Amino acid sequence: MSPQTGSGELPRWATIVALPLINVGIALLVSALVILSIGEDPLAALGIMVQGAFGSGLGIGYTLYYATSLIFTGLCVAVAFHAGLFNIGGEGQAYIGGLGVGIACLALGGWPWWLALPVTVLAGMAFGAAWALIPGYLQAYRGSHVVITTIMFNFIASALMVYLLVNVLINPGQMSPESREFDPSLFLPQMHEMLAVLGMEVDATPLNLSFLIALLACVLIWLYIWHTRAGFRLRTVGANEDAARYAGIDPRRTILIAMLLSGAMAGLLGLNEVQGVQHRLMLNFTAGLGFTGIAVALMGRAHPAGIVPAAILFGALYQGGAELAFEYQNISPELVVVIQGVVILFAGALEHMFKPALSRLFRPRRTIPAEA
Amino acid sequence: MDFLQILSLLDSTIRLAAPLILAALAGLFSERAGVVDIGLEGKMLAGAFAAAAAGAATGSAWIGLLAGITASLVLAAVHGFACISQKGNQVVSGVAINTIAAGLTAVLAQAWFELGGRTPSLDGASRFAAIDLPLAQTLSGIPLLGPVYAELVSGHNLLVYIAFLAVPLAAWIAYRTRFGLRLRAVGENPAAVDTAGISVPVLRYQAVAIAGVLCGIAGAYLSTAQGAGFQENMTAGKGYLALAALILGKWKPVPTLMACLLFAFADALQTRLQGVPLPGIGEVPVQVIEALPYILTVLLLAGFVGRAIPPKAAGLPYTKDR
């Protein structure tokens, strides 16, 4: 889980760029084997995926739309990482955060979106943070492991949302468990509308204003973690809790704050999915994007500058994977989940595996170890 | 609730507890040896799919069981390689295993059977059938004990008996054998084990392999004994519940068994409580009851365990030359 970069022999760019690329390469290789074992041509499949994700304005729009959600959940996992916590609850926190956004939208009626936006942002963050509060508190003050409690909270969130959508928020006179549609004035402007104002013609896709909010969140998180005292405390606790305590930092308070911030980041997913695209509350709008955040954060080395490209890559996998499942009846879209798992394995658990080989490449050829 | 209803409630508790027990014991061996195992869920899922797929292909539940164990062992080997040989983060490796298993089983199920992520339903010899213990019918006439023996003890499939027998066996291995002593030592103080001239990696690989076998049986139970085939994500959090049971049981076999039975009881209760008004409360929403095992876990983890102290070296890779 160590997010720090730079180690002995390797130049910095190699750790930051080359290692993640190797990880993606391995993940794609493993997926190629899976596709091969199904009896399809991996290269053709890759072609369809790349074409589907980046080959058209439409594809790019969808890719960036998925990436928006993944930036939020990636930041969620990354913030917790820096405090030494492994928050697997991004899925549940995003789900409840979306509930907050949805309730705000339902309550605000005909407000214009730009006036409502601060409210929905705060509601999403507050609800997401609230869902991380109990696991965070239990980790900090009772020593119950945050990994287990956040997993349990994912299940509880899912049950809670079913209850609310079936019994409370359901649109009267309708069978499917979803809320009524929000007032159109609350819809976040979509990217193609915004660009049309600037005189640019692009395909209509779900990509909306939240993409820019996600990028802004990256900048703010970067400033917070690396350029504030609170961020320094957070990283100190993550690096060495005992040392932090010795330095006068309260690790319990810091852990709690880190979990709240982490949950708040996940909660923002609701902006993109609920206010930006679905325009109503419905079941399972998180669709596993909370879990993918783990892979995004690991591949992005828990740094916003890494999370954005990692999120775009995974967004491309979602979009390309959907195209692939559409082309080949016997390839299911869950192929993306396999790739995700392999990335988590190699970028996370096996992060040191390729370092020796890579450092050998970078070592000056002629140096002979003086004392062997 | 009359006597027979209570019996049938306890009967389903036993059925629901079996996979939890097997998975929790898997976690026990692994974590007692110092390797944290979040990947119970994924190994069970892979085992369930492989068992159902092999069962469907060959018509034999036994070949299914073997396939389930093999699939789970492969994932256990990956986990071992990442955690023991590569000294990677054990929690992250477990999450990777779960993710890979969730994706791969869905992809392969769709590719091989084209039934929307399911395997064909199994029947006959491709499932583990209920076993009637001797004298179950003759003794069922005896009041109280007769029905208890006939309904509760008898009439389960083989894997249920294996699960319940595995508990005393695990306790015996862990506390009464040389291997068990070393296993517990390597989870507490690997350096001491190393100093004694015993290989830390070998012991840990053995523990991880035992965990793999047990998870494979648990998975095969889900798809070829309790259920009749595989469906996507059919473990539905059982691996995590098993892990919670292990923590509640403080990494000891018998308390862990009790925790598994508690979770299974909550689970058995929920199917019976749906739509039934409770005295003083009224009808409880289905979703509350469904979430009951998870809420229970959080509550128990939060308050009633006291400090659950894991094996000291759990989660820490062992580096020899330090």
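Residues numbered from 1 in each chain as written. Chains lettered and ligands numbered in written order. Predicted model: local features only at pLDDT ≥ 70, side-chain atom pairs only at ≥ 80, totals over all residues. Heavy atoms only, no water.

**Re a nonpolar patch on the surface**
Residues and elements named next belong to chain A.
Part 1: Residues Trp13, Ile16, Val17, Leu21, Leu361 and Phe362 make up a contiguous nonpolar surface patch of about 600 Å² in total accessible area.
Part 2: Every element with two or more residues in the nonpolar patch is listed here: α1 (12-38) and α16 (355-362).
Part 3: Tracing the sequence through the fold places tryptophan 13 in helix α1. (Patch = residues over 30% accessible without salt bridge, like charges linked within 9 Å, V, L, I, M, F, W, Y side chains within 5 Å. Areas by Shrake-Rupley, 256 points an atom, 1.4 Å probe, with all protein chains shown as cover. Salt bridge = Lys/Arg side-chain N within 4 Å of Asp/Glu carboxyl O. Helix = DSSP H or I, 4+ residues; strand = E, 2+ residues; numbered from the N terminus.)

**Looking at the packing of aromatic side chains**
Part 1: Counted according to the given criterion, the structure contains 13 aromatic pairs over all chains.
Part 2: Their ring planes at 75 degrees and their centres at 5.2 Å tell us that tyrosine 95 of chain A and phenylalanine 285 of chain A sit as a pair that is edge-to-face. One end of the pair, tyrosine 95 of chain A, is in helix α4 (residues 90-108); the other, phenylalanine 285 of chain A, is in the loop between α12 (269-278) and α13 (289-299), with 190 residues separating them in the sequence.
Part 3: Residues phenylalanine 155 of chain A and tyrosine 294 of chain B carry aromatic rings whose centres are separated by 4.3 Å and whose planes lie at 10 degrees to one another, so their mutual orientation is stacked. Placement of the pair is phenylalanine 155 of chain A in helix α6 (residues 146-168) and tyrosine 294 of chain B in helix α14 (residues 292-304), with the two residues belonging to separate chains.
Part 4: Under the relative-accessibility criterion, tyrosine 294 of chain B is labelled buried at 12%. (Phe/Tyr/Trp six-rings, centres within 6.5 Å; stacked < 30°, edge-to-face > 60°. Buried < 20%, exposed > 50% of the residue type's maximum accessible area, 1.4 Å probe, protein only.)

**Here we look at the interface of chain B and chain A**
Part 1: Taken together, the 41 residues of chain B in the interface contact 42 residues of chain A.
Part 2: Between chain B and chain A, a total of about 3,500 Å² is buried, with carbon and sulfur atoms accounting for 79% of that surface.
Part 3: Among the residues chain B hides against chain A, the three largest losses belong to Val92, Val107 and Gln287 of chain B. Together they make up 16% of the total.
Part 4: Summed over the shared surface of chain B and chain A, the number is zero salt bridges.
Part 5: For the pair chain B and chain A, the number of links is two residue pairs in polar contact (both at pLDDT 80 or more).
Part 6: Among the elements that line the side of chain B that touches chain A, the one with the most residues is helix α4 (residues 90-113) of chain B, at 14 residues.
Part 7: The residue inventory of the side of chain B that touches chain A, partitioned by class, reads 27 nonpolar, eleven polar and three charged. (Contact = heavy atoms within 4.5 Å. Buried area = accessible area lost by both parts, 1.4 Å probe. Polar contact = N/O pair within 3.5 Å; in protein donor to acceptor, adjacent residues only side chain to side chain. Nonpolar A, V, L, I, M, F, W, Y, C, P; charged D, E, K, R; others polar.)

**Examining the pattern of salt bridges**
Residue and element names in this part refer to chain A.
Part 1: Under the defined criterion, the tally for this structure stands at six salt bridges over all chains.
Part 2: Note that arginine 280 is salt-bridged to glutamate 178, the shortest N-O span being 3.6 Å. In this pair, arginine 280 is assigned in the loop between α12 and α13 and glutamate 178 in the loop between α6 and α7 (191-197), connecting sequence segments 102 residues apart.
Part 3: Under the relative-accessibility criterion, arginine 280 is labelled partly exposed at 22%.
Part 4: One continuous salt-bridge network, built from bridges that share partners, spans Glu178, Glu181 and Arg280.

Everything listed is a geometric property; what it means functionally is a separate question.
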